[in-house]
Amino acid sequence: MNRIRKPFAYSFFNATAALISVNIGVFFLTSLFPRLVLYLGMSRHWFAGHWYWQPVTYLFVHSGWTHILFNMIALFFFGIPVERAVGSKEFLLFYFFCGIFDGILSAVLYHFLGIGVLLIGASGAVYALLFAYAVIFPRNVVYIWGILPVAAPLLVFVYALIEIGSQITGASGIAHLTHLLGFALAWVYFPVRMGIHPLRVWKDAWR
């Protein structure tokens with residue numbers, strides 16, 4: 001456990017900006033060459049098909065302007081404060097741990113559910129970042145659409161309920177299960193890697 005929790009030396013090199021830049025670059029690339037989405041997105045048969053790069057590359061592929069815009073706005077607003085708080089190395093470990101395993105677990109679950117889906121987008125990792133933001137800044141308020149103030153932990157709870165309901169009803173073509181797994185992996189990361197228990201943090205912050 002000590003090896004798992006060994007901290008990185010703190011450094012900040014704005015990895016969030018680098019991630020946003022790569023996402024935008026890949027978006028323009030796939031706009032020019034649409035078939036790239038099939039190779040960079042994550043198929044539920046990625047392992048059997050020997051497409052071993054897909055658990056990483058799917059994080060940088062988006063389906064349209066709205067998809068990438070909302071993900072990059074969230075990555076900017078949640079990623080930068082989280083990165084400044086934990087350091088760029090920890091931030092990148094968290095981001096790619098949650099993003100990669102989110103894709104792998106989603107592919108496994110969709111395979112057993114018999115659902116054919118090509119996973120694309122940073123949404124799972126972004127949801128994990130929202131969770132991290134709520135744990136690190138439990139008393140911060142997020143303004144929905146710049147108007148409605150919601151406490152960060154409450155926002156996580158509300159989004160989780162929305163995603164559960166949407167997954168059950170099958171609303172839209174969005175991979176809601178992947179979003180929920182982003183929350184779940186972030187929840188696991190904090191106690192295992194950082195020795196921080198989210199519920200305890202939230203209870204202490206809002207007593």
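Shown above is the structure to which this text applies.
Let us look at the structure shown here. Not measured: the values here are computed from a predicted model. (Residues numbered from 1 in each chain as written. Predicted model: local features only at pLDDT ≥ 70, side-chain atom pairs only at ≥ 80, totals over all residues. Heavy atoms only, no water.)

A look at the packing of aromatic side chains
Heads up, the condition is: Pairing of aromatic side chains here covers Phe, Tyr and the six-membered ring of Trp, requires ring centres within 6.5 Å, and sorts the geometry by plane angle: under 30 degrees stacked, over 60 edge-to-face, intermediate tilted. A run of DSSP states H or I qualifies as a helix once it reaches four residues; a run of E qualifies as a strand once it reaches two. Both are numbered from the N-terminal end. Three exposure classes are used, based on accessible area relative to the maximum for each residue type with a 1.4 Å probe and protein chains only: buried under 20%, partly exposed in between, and exposed over 50%.
Following the criterion strictly, the structure yields 23 aromatic pairs and no others. Here phenylalanine 131 and tryptophan 187 contribute two aromatic rings whose centre-to-centre distance is 5.5 Å and whose plane-to-plane angle is 50 degrees, an arrangement assigned as tilted. On the criterion of sequence distance, the pair formed by phenylalanine 131 in helix H6 (residues 123-136) and tryptophan 187 in helix H8 (residues 176-194) is long-range, its members being 56 residues apart. For phenylalanine 131, a relative accessible area of 1% corresponds to the buried category. Judged by its relative accessible area of 36%, tryptophan 187 is partly exposed. Judged by centre distance (6.4 Å) and plane angle (45 degrees), the rings of phenylalanine 131 and phenylalanine 190 are tilted. Linking phenylalanine 131 in helix H6 with phenylalanine 190 in helix H8, this pair joins segments that are 59 residues apart in sequence. The two residues phenylalanine 131 and phenylalanine 190 agree in class, both being buried. Three or more aromatic residues joined by ring pairs form one cluster here, namely Phe94, Phe97, Phe101, Tyr127, Phe131, Tyr159, Phe183, Trp187, Tyr189, Phe190 and Trp202.

Some thoughts on the nonpolar core
Spelled out, the test is: Take the buried residues of types Ala, Val, Leu, Ile, Met, Phe, Trp, Tyr and Cys, join any two whose side-chain atoms come within 4.5 Å, and each joined set is a nonpolar core. Any two residues having at least one pair of non-hydrogen atoms within 4.5 Å are treated as being in contact.
If you look at the biggest cluster of nonpolar residues, it comprises 52 residues, and the most contacted ones within it are Leu75, Phe94, Leu129 and Phe131. Residue assignment for this core shows that the elements contributing at least two residues are helix H1 (15-32), helix H2 (36-40), helix H4 (65-86), helix H5 (88-113), H6, helix H7 (152-169) and H8. With 11 residues, H6 is the single largest residue contributor to this core. Leaving out residues up to four positions away in the same chain, leucine 129 has contacts with Leu75, Phe78, Gly79, Val82, Phe91, Phe94 and Tyr95.

What about a nonpolar patch on the surface?
For clarity, the cut-off: Here a patch means residues that are over 30% exposed by relative accessible area and free of salt bridges, tied together within 9 Å if like-charged and within 5 Å if nonpolar (Val, Leu, Ile, Met, Phe, Trp, Tyr). To measure how exposed things are, a 1.4 Å probe is used in the Shrake-Rupley method; for residues, cover is taken only from the protein chains shown. Salt bridge, as used here: a side-chain nitrogen of Lys or Arg that lies within 4 Å of a carboxyl oxygen of Asp or Glu.
There is a patch of nonpolar side chains on the surface, built from Leu69, Phe70, Ile73, Phe76, Phe77, Trp145, Ile147 and Leu148 and spanning about 950 Å² of accessible area. Per element, the largest residue contribution to the nonpolar patch is 5 residues, and it comes from H4. Phenylalanine 70 gets classed as partly exposed once you look at its relative accessible area, which sits at 45%.

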